[in-house]
Amino acid sequence: MPTSPSGWLTGCESSIRGYSWSGGGIHPIIHPEDAILSDVDAICTGEGEFAFEQFFDLFGHEKDYTGVPNFWFKNDEAVVRNGFLPLMTEQQMEGLPFPQFGEGEQIYRPGKGFGPMGLGDYIDNDGVGYTTLWSIGCPFHCSYCGNTKFIANDPKYKKIRHPSARYIIDEVKSVRKRFPHISVVSFHDDSFMAIPYRQLEEFAELWKSEVGIPFAVYGVIPNYVKQDKFDLLTWAGMNRVRMGIQSGSQQILDFYKRPTPPARILEAGEVIASFAPKFHVPPAYDIIVDNPIETRQDVIDTLELLYRMDRPYTLFIYSLKVIPNTDLERSMRERGVDLEAIDSSYFVIPPRVGNLLLYVLTLCRPPRRLFDRLLPHVEASSTPQRLYPRLGVVLRTLYLTKRALSHVSRMDYSILPGWTGYVMWRLGVVTFWQRHVLRQPPRPARLNKPERVDAEPSDGSTQIRLSPRRNTA
Ligand code: SF4
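Every residue gets a number counted from 1 within its own chain, in the order that chain's sequence is written. Two thresholds apply to this predicted model, a pLDDT of at least 70 for residue-level local features and 80 or more for giving and counting side-chain atom pairs, whereas whole-chain, interface and lining totals are computed over all residues.

Caption draft 1: Representation of the overall build of the protein chain in the model. The way it works is that DSSP assigns letters per residue, a run of H or I at least four long becomes a helix, a run of E at least two long becomes a strand, and they are numbered from the N terminus. A count of helical and extended segments in the protein chain gives 18 helices and 15 strands. Residue pairs are scored as contacts if the distance between their C-beta atoms, which are placed from the backbone, is within 7 Å. Contacts in the protein chain between residues far apart in sequence, at least 24 positions, make up 71% of those at least 6 positions apart.

Caption draft 2: How the structure looks around helix α8 (residues 197-211). The span expected for a helix works out to 1.5 Å for each residue beyond the first. Counted at 1.5 Å a residue, the expected span for α8 with its 15 residues is 21 Å, and the 20 Å between its end C-alpha atoms agrees. Of the residues flanking the end of α8, it is Gly212, one or two places downstream, whose phi is positive at about 70°.

Caption draft 3: A look at the environment of Val271. In this fold, Val271 is placed in helix α11 (residues 262-273). The exposure label follows from counting other C-beta atoms within 10 Å of a residue's C-beta, where the C-beta atoms are placed from the backbone and the thresholds are 20 or more for buried and 12 or fewer for exposed, leaving partly exposed in between. Val271 sits in the partly exposed class, given 17 other C-beta atoms within 10 Å. Along the backbone, Val271 and Phe230 are 41 residues apart, and their C-alpha atoms lie at a distance of 8.0 Å. The residues touching Val271, leaving out its near neighbours within four places in the chain, are Val225, Gln227 and Phe230.

Caption draft 4: Fine view of the sheet that holds strand β9 (residues 184-187). Pairing is parallel across the open sheet formed by six strands, whose spatial order is β8-β9-β10-β11-β12-β13. Two strands in the sheet have a free side with no partner beyond their single neighbour: β8 (129-132) and β13 (314-319). Direction aside, the axes of adjacent strands within the sheet are offset by 20° on average. In short, DSSP must find at least two bridges between two strands for them to pair. Judged from the six bridges that link them, strand β12 (residues 284-289) and β13 form a sheet pairing that is parallel. Note that in β13 the partner of Tyr285 across the bridge is Leu315. Strands β12 and β13 of the sheet are contacted by helix α14 (residues 353-363), whose axis makes an angle of about 160° with β13. Interaxial angles span 0 to 180 degrees and are taken between N-to-C directions of axes, which are lines fitted to C-alpha atoms, for helices over the stretch in contact.

Caption draft 5: Local environment of the nonpolar core. Buried Ala, Val, Leu, Ile, Met, Phe, Trp, Tyr and Cys residues whose C-beta atoms connect them within 7 Å together make up a nonpolar core. Counting residues in each nonpolar core, the largest one holds 78 residues, and the members touching the most others are Val217, Val220 and Leu233. Ignoring sequence-local partners within four residues, the contact set of Val220 consists of Phe192, Met193, Val225, Val241, Arg242 and Met243. Within the second largest apolar cluster, 12 residues are counted, among which are Val40, Ala51, Val68 and Trp72.

Caption draft 6: Expanded view of the environment of His377. Considering the arrangement of structural elements, one finds His377 in the loop between α15 (368-374) and α16 (389-408). Residues His377 and Gly354 lie 23 residues apart in sequence; the distance between their C-alpha atoms is 7.9 Å.

Caption draft 7: Layout of the pairing of β12. Burial analysis of β12 places five of its six residues in the buried class, which makes it a mostly covered element. Pairing between strand β11 (residues 238-246) and β12: four bridges, direction parallel. Note that in β12 the partner of Arg242 across the bridge is Ala284. Here the term right-handed applies to a crossover when the path leading from its first strand over the helix to its second strand runs clockwise, the strands being oriented away from the viewer. Traced from β12 through helix α12 (residues 296-308) to β13, the parallel crossover comes out right-handed.

Caption draft 8: Seen up close, the packing of α14 against α16. Put simply, α14 and α16 touch, their axes get as near as 9 Å, and they point 30° apart. In this view, α14 runs roughly parallel relative to α16, as classed from their interaxial angle. Crossing handedness for the pair α14 and α16: left-handed. Only Leu391, Gly392, Leu395, Arg396, Leu398, Tyr399 and Lys402 of α16 make contact with α14, whose side of the interface consists of Leu356, Tyr359, Val360, Thr362 and Leu363. As a working rule, the residues Ala, Val, Leu, Ile, Met, Phe, Trp, Tyr, Cys and Pro are called nonpolar, Asp, Glu, Lys and Arg charged, and the rest polar, with Gly in that last group. Of the residues belonging to the contact of α14 with α16, the class tally is eight nonpolar, two polar and two charged. With respect to orientation, any angle under 35 degrees is reported as roughly parallel, any angle over 145 as roughly antiparallel, any angle of 65 to 115 as roughly perpendicular, and every other angle as oblique. Take the far helix as your reference; a near helix turned counterclockwise from it by less than a right angle gives a left-handed crossing, and one turned clockwise gives a right-handed crossing.

Caption draft 9: How the structure looks around the pairing of β11. Burial within β11 is extensive, with eight of its nine residues counted as buried. Where strand β10 (residues 215-220) meets β11, four bridges bridge the pair, whose relative direction is parallel. Looking at the pairing, Val220 lines up with Met243 of β11. In terms of handedness, the path from β10 via helix α9 (residues 227-236) over to β11 forms a crossover that is right-handed.

Caption draft 10: Looking closely at unusual backbone geometry. Residue Ala276 is joined to Pro277 through a cis peptide bond whose omega torsion reads 5°. By the element assignment, Pro277 lies in the loop between α11 and β12. In this structure, the amide linkage connecting Arg311 to the following residue, Pro312, adopts the cis form with an omega of 0°. Looking at where Pro312 falls in the secondary structure, it is placed in the loop between α12 and β13. With a phi close to 75°, Gln246 is a non-glycine residue in the positive phi region. Looking at the secondary structure, you find Gln246 in strand β11.

Caption draft 11: Representation of the environment of Arg264. By secondary structure assignment, the location of Arg264 is in helix α11. By the C-beta count within 10 Å, which is 17 here, Arg264 ends up partly exposed. As a C-alpha pair, Arg264 and Val225 span 39 residues in sequence and 9.4 Å in three-dimensional space. With residues up to four places along the chain from it excluded, the contact list for Arg264 reads Pro222 and Asn223.

Below, the structure is given as structure tokens:
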């Protein structure tokens, strides 16, 4: 896999007839000047669906392709930088073929080269789950997120775009036709809950009647957590969500340009927690640690917020990595932060007191007096301090075990790829559990009452307006 001079791995590389390109991923989009210096001939710097169609057409007919938009090409040390295509419209998305899954794909095996993907490869990688997304776009522009670059390239990226509910339902059905063992679907949209209620309603009714298996929604933004949407989607089969919190400090949230004040996070957590464990696997909340500008008080504010959050929940804890050529990098440099090269994964969490308390909070809410005695030992990540690696291993093991048990107790193997879930499905346990053991949520009262809709502006606040009656037949 080619690496660029700054050490990035370029994403999704492919080659035909000795011609190689980097098909996408965040690297060519966020930092094209760096990506093009990798050992590739071209990079795709925008949406690839229609750009690649043009490129393959010209390349296949041995015509000049160097003017294809959304691409940069490298020719004899010169770089051709083409402009952007307009973003795909929803009508165009509706006409796209479904993502390939189980239709003769090839897999690369080190030392053996490419060969056909068999059932075992899908089970090894995805277990009994299927990962997809319905919508593209996010109304926010958090400074640490790749979306800032997508929005800089085209401000229309903030608008949520998606094909019809019928399209995404048919996509999942087509996958399940080939792989009936698919028993849970994970939606990795950036902002699934920002999709208007009416469209979610259409999705929910189709899902309930034609798919009928659990699904998880990643990428939930606190501002868009609404009781009616959760009632609706839970009734349809939603069994888990993942929401971004990132910090409990207003100062750090402002620094990240996230308009999600702690009070709104608490409100969202209250709604979400009311569904677990009765109908949901406990939700997962994203937290960012190791921010060099965080003060000790900022770290404590995050711990205090999580202490107050309604339970149960688990955390996805990420160590902040500042990606070159982003708003975050610029903000850090403006504050005089000496940024180091990224040399470790964002999953590597240093076992300092503040981070260990995060693991503790996923396990239980400690007595207040004990918590108050531990907080004075918390320091900012930039302050030299003692590390507790052994305790870190113990707490992390307990945290992971609790997470796994909460999934398995609902026969949800979406975070446990491999054969265990497949065997349980073959034995009929997964299907039996989903249909006869798990409690079924009630039909939401608002379903098919079209008099009121939420108009949701880009800041995530909600206004109510009247709408004409919709034909739901
Ligand atoms: S809300 Fe999430 S997806 Fe949207 S810009 Fe922020 S981090 Fe990125």
